[in-house]
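Tertiary structure, described
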Amino acid sequence: MDESLLIEAAQKDPSRFAELYEANVDRVYAYIARRVQDRAAAEDLTSEVFHSALANLGKFVWRGAPFASWLYRIAAHAIADRWQQSRHNVREVLPENLPGGVEEIERRAILFQLVDQLPEDQRRVIVARFVEQKRIQEIAEEMERSEGAIKQLQFRALETLRGHMGRANA
């Protein structure tokens, strides 16, 4: 059955969402697993993605792009949210003897705070590029921008972070 018809059917009758789930679960799981590299977390995130997709299916508008693209965008946000949540919990679970010591931990904490202060688009690019380890092309597709625009956002973000880190270390 045509994907747009499956989506339309699922929007009218949520029990039909199972067909969309079956058609996409393996690729969404693979997408997440490549980025989080922890099986349990990948399974949890995959579940969150499909729960969110089902909850927001009524808002989905067919524009000719594969349904998986929308799911990947949800997955990217779920991964970024999980990363931010875990970052906030780091201080609670830090072992006493970390390589690099307290100075390294403090430097990373400052960097995380600075990344959070970047403009939304720059922050999304930095998280996607260096946390999720995505290629420029993938980020461009997800953000619906050109690769050149993504490279420019990355450049500006890194320049801003270098400047702020220089001042923080001075």
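Everything below is about the structure shown above.
Remember, predicted model here, so these are calculated numbers, not experimental data.

Tallied over the full model, the rule gives 6 aromatic pairs. Taking the centre distance of 4.8 Å and the plane angle of 70° together, the rings of Tyr21 and Phe50 count as edge-to-face. Residue Tyr21 is located in helix H2 (residues 17–36), and its partner Phe50 is located in helix H3 (residues 39–55); the two are separated by 29 residues in the primary sequence. Aromatic side chains Phe60 and Trp70 sit 4.9 Å apart centroid to centroid with 55° between the ring planes, which places their arrangement in the tilted category. A residue pair is termed long-range when its members are at least 10 positions apart, and Phe60 in the loop between H3 and helix H4 (67–88) and Trp70 in helix H4 qualify at 10 residues. In textbook terms, an aromatic cluster arises when at least three aromatic residues are bridged by ring pairs, as seen for Phe17, Tyr21 and Phe50.

Two numbers describe how helix H7 (residues 120–131) lies on helix H8 (residues 136–143): the axes approach to 10 Å, and their chain directions differ by 140°. For the element pair H7 / H8, the angle class is oblique. Judged by the twist between their axes, the crossing of H7 over H8 is right-handed. Across from Asp121, Arg124, Val125, Ala128 and Arg129 in H7, the residues of H8 making contact are Ile136, Ile139, Glu142 and Met143.

For Phe50, a relative accessible area of 5% corresponds to the buried category. Taking the C-alpha atoms as reference points, Phe50 and Leu71, 21 residues apart in sequence, are found 7.7 Å from one another. Aside from chain neighbours lying at most four places away, what touches Phe50 is Phe17, Tyr21, Asn24, Val25, Val28 and Leu71.

The full count for this structure, using the stated rule, is 12 salt bridges. Note that Glu138 is salt-bridged to Arg34, the shortest N-O span being 3.5 Å. Taken together, the residues span a long stretch of sequence, with Glu138 in helix H8 and Arg34 in helix H2 at a distance of 104 residues. Glu138 is paired through a salt bridge with Arg35; the nearest N and O atoms lie 2.2 Å apart. With Glu138 in helix H8 and Arg35 in helix H2, this residue pair connects regions lying 103 residues apart in the sequence. Connected through salt bridges with shared partners, the residues Arg34, Arg35, Arg135 and Glu138 form a single ionic network.

Looking now at the packing of helix H1 (residues 3–12) against H2. Packing of H1 against H2 brings their axes to within 8 Å, and their N-to-C directions diverge by 135°. It follows that H1 is oblique to H2 by the angle criterion. Here H1 contributes Glu3, Leu6, Ile7 and Ala10 to the contact with H2, which in turn contributes Phe17, Glu19, Leu20 and Asn24. Along the lines of polarity and charge, the residues of the contact of H1 with H2 split into 5 nonpolar, 1 polar and 2 charged.

Turning our eyes to something else, we now look at H7. Taking 1.5 Å per residue as the helical rise, H7 with its 12 residues ought to reach 16 Å, and the 15 Å between its terminal C-alpha atoms agrees with that figure. For H7, the set of buried residues is Gln122, Arg123, Val125, Ile126, Val127 and Ala128. Looking one or two residues beyond H7, the residue adopting positive phi is Gln133, at roughly 55°.

What counts and what doesn't
- Residues numbered from 1 in each chain as written.
- Predicted model: local features only at pLDDT ≥ 70, side-chain atom pairs only at ≥ 80, totals over all residues.
- Heavy atoms only, no water.
- Phe/Tyr/Trp six-rings, centres within 6.5 Å; stacked < 30°, edge-to-face > 60°.
- Helix = DSSP H or I, 4+ residues; strand = E, 2+ residues; numbered from the N terminus.
- Axes fitted to C-alpha atoms, helices over the stretch in contact; angles between N-to-C directions.
- Parallel < 35°, antiparallel > 145°, perpendicular 65-115°, else oblique.
- Left-handed = near helix turned anticlockwise from the far one by under 90°.
- Contact = heavy atoms within 4.5 Å.
- Buried < 20%, exposed > 50% of the residue type's maximum accessible area, 1.4 Å probe, protein only.
- Salt bridge = Lys/Arg side-chain N within 4 Å of Asp/Glu carboxyl O.
- Nonpolar A, V, L, I, M, F, W, Y, C, P; charged D, E, K, R; others polar.
- Expected span 1.5 Å × (residues − 1).

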